[in-house]
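Coordinates in review
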Amino acid sequence: MVDLRVGDENLLNTRFKYMARNTIDYWMVPDSKKLSETEIVQCISAAPVTDETTLQLYLHIPFCAQKCSFCAFSGGNTLDFANAGEYIDLLIQQLRKILQITPTYGQKRIRSVHIGGGSPDLVRSHIGRLLSYVRSLEGMDENTEIAVECAPATTKPDFLDELITHDVTKLSFGVQSINPDIRANIRLPRSMRKVEELCEYVGGKIPIVNTDFITGLPGQTLADVEADLDYALKHPIINAVSTYLLTPGAAPSLVADVKSEKVPHVPMHKEQAIMRLHSYSTLQQSGWVRCGTNTYVDKASVSKEIIDHLPGNECIGAAHYDTFLIAAGAQAIGSAPGVRFENTVDINHWKEAVRNGEFGFNLRKSALHHQKDMSLWTFPLFYEGLRKDRLQAMIDAGDVDEAQLSTLQDLINEALVIEGPHDYRLSILGEVFMGHIVRLLKKEEGQKIIDAYIHEGFKIGEAINAGVIDHDNTANNRQSVVERI
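Thresholds applied
Residues numbered from 1 in each chain as written. Predicted model: local features only at pLDDT ≥ 70, side-chain atom pairs only at ≥ 80, totals over all residues. Heavy atoms only, no water. Buried < 20%, exposed > 50% of the residue type's maximum accessible area, 1.4 Å probe, protein only. Helix = DSSP H or I, 4+ residues; strand = E, 2+ residues; numbered from the N terminus. Pairing = 2+ DSSP bridges. Right-handed = clockwise from strand over helix to strand, strands pointing away. Salt bridge = Lys/Arg side-chain N within 4 Å of Asp/Glu carboxyl O. Core = buried A, V, L, I, M, F, W, Y, C linked by side-chain atoms within 4.5 Å. Contact = heavy atoms within 4.5 Å. Axes fitted to C-alpha atoms, helices over the stretch in contact; angles between N-to-C directions. Parallel < 35°, antiparallel > 145°, perpendicular 65-115°, else oblique. Left-handed = near helix turned anticlockwise from the far one by under 90°. Nonpolar A, V, L, I, M, F, W, Y, C, P; charged D, E, K, R; others polar. Arc of directions from axis to C-beta. Polar contact = N/O pair within 3.5 Å; in protein donor to acceptor, adjacent residues only side chain to side chain. pLDDT = per-residue confidence, 0-100.

In terms of burial, strand E2 (residues 110-117) is largely enclosed, as 7 of its 8 residues are buried. Sheet topology note: the strand E1 (residues 55-61)/E2 ladder contains 7 bridges and is parallel. Within E2, the position partnered with His60 by the bridge is Gly116. Note that E2 and strand E3 (residues 145-150) share 4 bridges and pair parallel. By the bridge assignment, Ile115 is partnered in E3 with Val148. The handedness of the E2 to E3 crossover, carried by helix H3 (residues 127-135), is right-handed.

Dropping the structure here:
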């Protein structure tokens, strides 16, 4: 299948001819056929706790004021947020139920809590009830990062007041681009007024104020990217930037929009590669440091104590096989050693399950699967890199194969990965091609799963463009449409 706007030349003198097509879910495993809730519960309960074990929470709030075609999550998010209070109660109920079977809970500190969406701000002051519960959990301490997402256009003071009251570490919101025409193409307000009002309200009250930008948007140029970075670097309140690559393969509705010329073409892959390199180099030259998958923080305005305790897990996935990532809420994805569990995407089905005392798992998409080589292929996503002793332990246990180790050496030889005395980290060039590197470091089976996911995304996008599937954006919820193509 031909990708959008692919050229024939190698990008930035690397092996790659196109930018990565995937978004964040590199942890995918084959679908289950006859998995029961009891089996998932037993696997989580029996998961081993080691010296390397960490505990993190991801809480999903699937409310949006609109559905954006570029968003890989929009198919499962809902516009019906009138009963936000009930959703928060059920979210707490599910989280409590999962923590009761989590062997690390009460034994390990909670390293981070990420509340994402969707637009969590749409629950308004109900967020306070969730934050209060989170703060009461065993393992929470003064160094636990609490990160919360919001959408400037819909964020109200009562929501922000609760974040400030409960000492949230990081507030993150999407700007995507400051160019009004590009913003209009992706259905964001042309004006930046709401962004400025939000920043003014939280300035000095929340330690990290993070804005998201996207490169590769329809109609975008390098000059647009330069303007975005200049805006953030000179802003008196914004002190962190997450710069993401637009990946159409993860959002079929966007593929359809581009193919039908409903929006301008996305930039050529050569242009996108330059945009990525320019973004990282500009942030580094300005003294900002990588503290996440695609996130840089201004070390001059954020204390070292806070920076030292940032887990950098905005990619919403486990960094290591030993990690317990406990996920609650419709559509949320979690994991523990030997198990990957997805919650039901449809919010009404999820609510009904939790009300009935069930866990709310999507049994078909969950799996009992030991990804013991995880540290090798996730390290590009985490700024802490891969420790050599951790890699050696995987080699000694037979968890990685010769092909993976050969690939790692090739990436070092190609200056995409830097080998230090004690660890491996991405070079700045490696950051540009991060998604490719994750895929290449997986075993062959894992690569095929990612490729199938991307192929499916483009196939759905083409089906929308051909009129086979309605262009109502539920297509980004693949579970509801994949049988129809």
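Applying the stated rule across the entire model yields 23 salt bridges. Note that Glu9 is salt-bridged to Lys270, the shortest N-O span being 3.8 Å. Within this pair, whereas Glu9 is found in the segment before helix H1 (37-46), its partner Lys270 is found in helix H9 (residues 269-285), the two being separated by 261 residues in sequence. You can call Glu9 partly exposed: its relative accessible area is 42%. Given the relative accessible area of 43%, Lys270 is considered partly exposed. Taking the shortest distance from any N to any O, the salt bridge between Asp181 and Arg190 comes out at 2.9 Å. Judged by relative accessible area, which is 46%, Asp181 ranks as partly exposed. Among the charged side chains, a salt-bridge network with shared partners connects Glu52, Asp322, Arg387, Asp389 and Arg390.

Our next topic: the nonpolar core. Of all hydrophobic cores here, the largest spans 119 residues; its most connected members are Ile61 and Leu130. If you tally residues by element for this core, the top one is helix H2 (residues 84-100), at 9 residues. Non-local contacts of Leu130, meaning those with residues more than four positions away in its chain, are made with Leu59, Ile61, Ile88, Leu91, Ile92 and Ile115. Among the nonpolar cores identified, the runner-up in size contains 8 residues, and Ile208, Cys291, Val302 and Leu310 belong to it.

Now for the packing of H3 against helix H4 (residues 157-165). For the pair H3 and H4, interaxial distance at closest approach is 9 Å and the crossing angle is 15 degrees. The orientation of H3 with respect to H4, classified from their angle, is roughly parallel. Handedness of the crossing formed by H3 with H4: right-handed. In contact with Ile127, Gly128 and Leu131 of H3, H4 contributes Phe159, Glu162 and Leu163. The residue inventory of the contact of H3 with H4, partitioned by class, reads 4 nonpolar, 1 polar and 1 charged.

Count 3.6 residues to each turn of an α-helix, and residues three or four apart come out pointing the same way. Every buried residue of helix H13 (residues 388-397) is accounted for by Arg390, Leu391 and Met394. Viewed end-on, H13 has its buried residues packed into an arc of 100 degrees, placing them on one side of the element. Gly398 sits one or two positions beyond H13 and adopts a positive phi of about 75 degrees.

By the element assignment, Ser112 lies in strand E2. One polar contact links Ser112 to Gln56, side chain to side chain, over a distance of 2.9 Å. For Ser112, the residues in contact, after removing those within four places along its chain, are Leu55, Gln56, Leu57, Thr144, Glu145, Pro311 and Asn313.

Across the protein, the average pLDDT comes to 89, with 88% of residues at or above 70. Counting interchain partners and residues more than four positions distant, the pLDDT-below-50 stretch residues 480-485 has 13 contacts.

With that out of the way, let us pick up the sheet that holds strand E13 (residues 417-419). Across the sheet, which stays open at both edges, the 3 strands sit in the order E12-E14-E13 with antiparallel pairing between neighbours. Looking at strand neighbours, the two that pair on one side only are strand E12 (386-387) and E13, the edges of this open sheet.

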